[in-house]
Every structure is written in structure tokens, then in C-alpha cells.
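Single-letter residue listing:
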Amino acid sequence: MSAAACSCASTRPSTMPRRQVYFERIPTYGFGDGLKLMTIKRSFNGFVVLSVLPGGPMDEAGLRRGDVIESIDYKNATTLDDLQMQRIFRKPAGTKVHMTIRSEGALKDIVVVLSEIV
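Structure report, in brief. Bear in mind that the values here come from a model prediction, so they are computed numbers and not experimental data.

## A word on the overall build of the protein
At step 1: A count of helical and extended segments in the protein gives 3 helices and 7 strands.
At step 2: Put simply, the protein runs from its N terminus to its C terminus through helices and strands in the order α-β-β-β-α-β-β-α-β-β.
At step 3: Counting contacts in the protein only where the partners sit at least 6 residues apart, residues at least 24 apart contribute 42% of the total.
At step 4: Accessible surface for the protein amounts to roughly 8,100 Å². Of this, 54% is attributable to carbon and sulfur atoms.

## Observations regarding helix α3 (residues 82-89)
At step 1: For α3, the set of buried residues is M85, I88 and F89. Projection of α3 onto a plane perpendicular to its axis shows the buried side chains occupying an angular sector of 85°, all on one side.
At step 2: The opening residue of α3 is D81, an N-cap whose side-chain oxygen sits 3.2 Å from the backbone nitrogen of L83.

## Here's the deal with the pattern of salt bridges
At step 1: Scanning the entire structure with this criterion turns up 4 salt bridges.
At step 2: When the shortest N-O distance is used, the salt bridge between D82 and R42 registers 3.8 Å. Residue D82 is located in helix α3, and its partner R42 is located in strand β2 (residues 38-43); the two are separated by 40 residues in the primary sequence.
At step 3: Residue classification places R42 among the partly exposed residues on the basis of a relative accessible area of 38%.
At step 4: For D73, the salt bridge is made with K91, and the minimal N-O distance between the two is 3.4 Å.

## Things to note about unusual backbone geometry
At step 1: Positive phi outside glycine occurs at Y74, with the angle close to 65°.
At step 2: Along the chain, Y74 falls in the loop between β4 (68-72) and β5 (75-76).
At step 3: With relative accessibility at 67%, the residue Y74 sits in the exposed group.
At step 4: At E104, a residue that is not glycine, the phi angle is positive and equals roughly 55°.

## Digging into the nonpolar core
At step 1: Counting residues in hydrophobic clusters, the biggest one holds 20 residues, and the most contacted among them are L63, I69, I72, F89 and M99.
At step 2: Elements with a contribution of two residues or more to this core: β2, β3 (46-52), β4, α3, β6 (96-103) and β7 (106-113).

## Overview of the side chain of D67
At step 1: Here D67 is to be found in the loop between α2 (57-61) and β4.
At step 2: Although D67 is buried, it makes no salt bridge; R64 carries the closest opposite charge, 6.4 Å away.
At step 3: Engagement of the side chain of D67 in a polar contact is seen with the backbone nitrogen of R64, the distance being 2.8 Å.
At step 4: Of note is the side chain of D67, whose polar atom sits 2.9 Å from the side chain of S103.
At step 5: In this structure, D67 is in contact with F47, V48, V49, G62, I101, R102 and S103, ignoring residues within four places of it in sequence.

Cut-offs used in this document
- Residues numbered from 1 in each chain as written.
- Predicted model: local features only at pLDDT ≥ 70, side-chain atom pairs only at ≥ 80, totals over all residues.
- Heavy atoms only, no water.
- Helix = DSSP H or I, 4+ residues; strand = E, 2+ residues; numbered from the N terminus.
- Contact = heavy atoms within 4.5 Å.
- Areas by Shrake-Rupley, 256 points an atom, 1.4 Å probe, with all protein chains shown as cover.
- Buried < 20%, exposed > 50% of the residue type's maximum accessible area, 1.4 Å probe, protein only.
- Arc of directions from axis to C-beta.
- Polar contact = N/O pair within 3.5 Å; in protein donor to acceptor, adjacent residues only side chain to side chain.
- Salt bridge = Lys/Arg side-chain N within 4 Å of Asp/Glu carboxyl O.
- Core = buried A, V, L, I, M, F, W, Y, C linked by side-chain atoms within 4.5 Å.
- Lys, Arg positive; Asp, Glu negative; His and termini not counted.

Here you go:
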């Protein structure tokens, strides 16, 4: 560590509160590098949808930000791990994935038809 870096760190006033930053791993599932079909966050009752790719298969099936995915391919979403999710969403184009979602307080069954995103 350089002397300049050391002196900068020591100039922080003792009255300034320390901030803690927490990072949470948020998995994205889909094809392509950097291209996401959806971004989800694990919750106690499934997966909360943080975003969907506009015009993508999730969007076309009716999945929206704030929805909670409770089951995927007839499996309870709380029991699925990352590897199982990758296996489901990396199936060939045309594969139908059944989901039960909670949207605006109501349970809905939707079918997502996977497609290739170019």
C-alpha cells in the first residue's frame, strides 16, 4: 500500500459513520452472454421477478416485474437450485415451460415457449 493511500484512509473523520454494503447474488437465466430473459431473486415463497426482456418469451407469456414464480415445470420453485434452473431454461427453442405465478395477489398458470434470442 502506498503512503498516499494510507494517509487518505486516515483522514476520514472519526464522526463519519461507517457504511456497510451487502451484495446479493442475483441469477439470470437465458441464452447469450449478457442477454437475460429474466432477472429473479430468491424469496421465501419462490422467485421474485426483478426484470424481463421486453419482447422475449417471458414477456410474451405475461411475466411482469414484481410477480412471484411459485412453481416451474410443476416443481416447487423454493426447492429448485441454480443448476436445475439452468437446465430448465437452456432447453431447445420451442420447449414449453409451465409456471405458476402470483401476480397482483392472484395465482395464474402461464406457459413460456422458449425461443432463441439473437
